[in-house]
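# Close look at the chain arrangement
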Amino acid sequence: MPKPRGAAATRPPPWALLDSLSGAVEQTAEYLYQRGACVAALGGNPHEVVALFERAVEADDNHAGALFGLALENDRRGNDDVALDLYERSAAQFPTFIGTLLNLGILYEDRQHFDRAQQCYQRILDVYPNHTRARLFLKDAQASGDMFFDEDAQKKRDRISQVLGIPVSDFELSVRSRNCLQKMGINTLGDLARCTEPDLLASKNFGETSLVEIREMLASKGLSLGQLAADKAAPEPVFEPEFMSPDEQAMLDRPIADLNLSVRARKCMIRLGLNTIGELLRRTGDDLLECKNFGVTSLNEVREKLTQNGLKLRGD
């Protein structure tokens, strides 16, 4: 194998420079921060990374890098309140990390503070006018902040959701009707509203008498059969392990964290309750776009990470 030439052959890695230092410098915030950043970059023990950043902040509670590093570690673990405080403290220092302002803006958006989020992204653009992510995030925050919230419509949707969640067992049905619904896995009024009359009549022992009974029950709550038939969920694809290689099975069982997604994309995974790559592959791009603050930029990022592993979202 050819040997490196020039500066690349003589330039030591960052951790080698840190290893060469000793004495009082090892207790300084900058040394502890750089040490923590190196351990994180090398994929070392996350607890060690946190401990190093915490020691750096103890040594200098205004160290922008240490505050950002500690905020990011808490952000990854879902400790949003702690992360928010640390990001804000880091953003108050000069110079401010771009990552601090991007991630702080995302947390502000999660809390519906779109004006504050816009200020974060604008601070980046004031210095780097062509920063792609900051420009896209600013557009998203502006669009979200301009959305008109119809409180009455939301209350109406909430009332409908409550009605759809009422168990059918709350109603006095005949034994035949109750048994048929139980066999079909229909537990709530919402389940019934997603069924059509032919669906019910196709069930054994379910006749016209039971159908009339069901119609009257739904009508008492302002609902009807087939009303939500279009909302019936499509069956999820089934992964059959016996047709997969051991490597493919292992890939599906890996945690989503292994994809190294950005904070925004990672938060969407948490909201959707997705923990493994296999669970992510059962979702479509449209499924992900329905998640709050998850836009086309994040979707492209997820697709790119999956493509690097020879994988695709459902429907791609």
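Since we're looking at a predicted model, the values are computed, not measured. (Residues numbered from 1 in each chain as written. Predicted model: local features only at pLDDT ≥ 70, side-chain atom pairs only at ≥ 80, totals over all residues. Heavy atoms only, no water.)

### Quick word on the packing of helix α4 (residues 46–59) against helix α5 (residues 64–76)
Where α4 contacts α5, the two axes come as close as 9 Å, and the packing angle between them is 145 degrees. Where α4 crosses over α5, the handedness of that crossing is left-handed. Facing α4, whose interface residues are Val-49, Val-50, Phe-53, Glu-54, Ala-56 and Val-57, α5 presents Ala-66, Leu-67, Gly-69, Leu-70 and Glu-73. (Axes fitted to C-alpha atoms, helices over the stretch in contact; angles between N-to-C directions. Helix = DSSP H or I, 4+ residues; strand = E, 2+ residues; numbered from the N terminus. Left-handed = near helix turned anticlockwise from the far one by under 90°. Contact = heavy atoms within 4.5 Å.)

### Structural notes on helix α6 (residues 80–91)
Here α6 spans 16 Å end to end across twelve residues, near enough to the 16 Å set by a 1.5 Å rise per residue. When we look at burial in α6, the residues that qualify are Ala-83, Leu-84, Leu-86, Tyr-87, Ser-90 and Ala-91. Contacts made by the buried residues of α6 are with α5, α7 (98–110) and α8 (114–127). (Expected span 1.5 Å × (residues − 1). Buried < 20%, exposed > 50% of the residue type's maximum accessible area, 1.4 Å probe, protein only.)

### Some details on the packing of aromatic side chains
Following the criterion strictly, the structure yields five aromatic pairs and no others. Here Phe-68 and Phe-97 contribute two aromatic rings whose centre-to-centre distance is 5.4 Å and whose plane-to-plane angle is 35 degrees, an arrangement assigned as tilted. With Phe-68 in helix α5 and Phe-97 in the loop between α6 and α7, this residue pair connects regions lying 29 residues apart in the sequence. (Phe/Tyr/Trp six-rings, centres within 6.5 Å; stacked < 30°, edge-to-face > 60°.)

### Regarding the nonpolar core
Ranked by internal contacts, the top residues of the largest apolar core, which has 38 residues, are Tyr-87, Leu-104 and Tyr-121. Where this core is concerned, the elements lending two or more residues are α3 (29–41), α4, α5, α6, α7, α8 and α9 (132–146). Setting aside residues up to four positions removed in sequence, Leu-104 forms contacts with Leu-84, Tyr-87, Glu-88, Ala-91 and Cys-120. Leu-164, Leu-173, Phe-206 and Leu-218 belong to the second-largest nonpolar core, a separate cluster that totals 21 residues. (Core = buried A, V, L, I, M, F, W, Y, C linked by side-chain atoms within 4.5 Å.)

### Structural notes on the layout of surface pockets
A volume near 430 Å³ is recorded for the largest pocket. Along the wall of the largest pocket there are 16 residues; nearest its centre are Arg-76, Ile-256, Ala-257, Asp-258 and Arg-266. Residue assignment for the lining of the largest pocket shows that the elements contributing at least two residues are α5 and α16 (263–271). Ranked by the residues each element gives to the lining of the largest pocket, the list is headed by α16, at four residues. Its residues assigned to classes, the lining of the largest pocket shows nine nonpolar, four polar and three charged. (1 Å grid on protein atoms, 1.4 Å probe; cavity = no way out; pocket = protein on both sides within 12 Å on 5 of 7 lines; lining within 4 Å. Points joined across faces, edges and corners; volume = space filled by probe spheres on them. Nonpolar A, V, L, I, M, F, W, Y, C, P; charged D, E, K, R; others polar.)

### Some points on the environment of Leu-84
Relative to the elements of secondary structure, Leu-84 occurs in helix α6. In this structure the C-alpha to C-alpha distance between Leu-84 and Tyr-108, which are 24 residues apart in sequence, comes to 8.4 Å. Other than its neighbours up to four places away in sequence, Leu-84 contacts Leu-104, Leu-107, Tyr-108 and Arg-111.

### Description of the pattern of salt bridges
What the rule picks out here adds up to six salt bridges. Close ionic contact of Arg-89 with Asp-85 constitutes a salt bridge, the shortest N to O distance being 3.8 Å. Placement of the pair is Arg-89 and Asp-85 together in helix α6, with a separation of four residues, close to one helical turn. Judged by its relative accessible area of 40%, Asp-85 is partly exposed. (Salt bridge = Lys/Arg side-chain N within 4 Å of Asp/Glu carboxyl O.)

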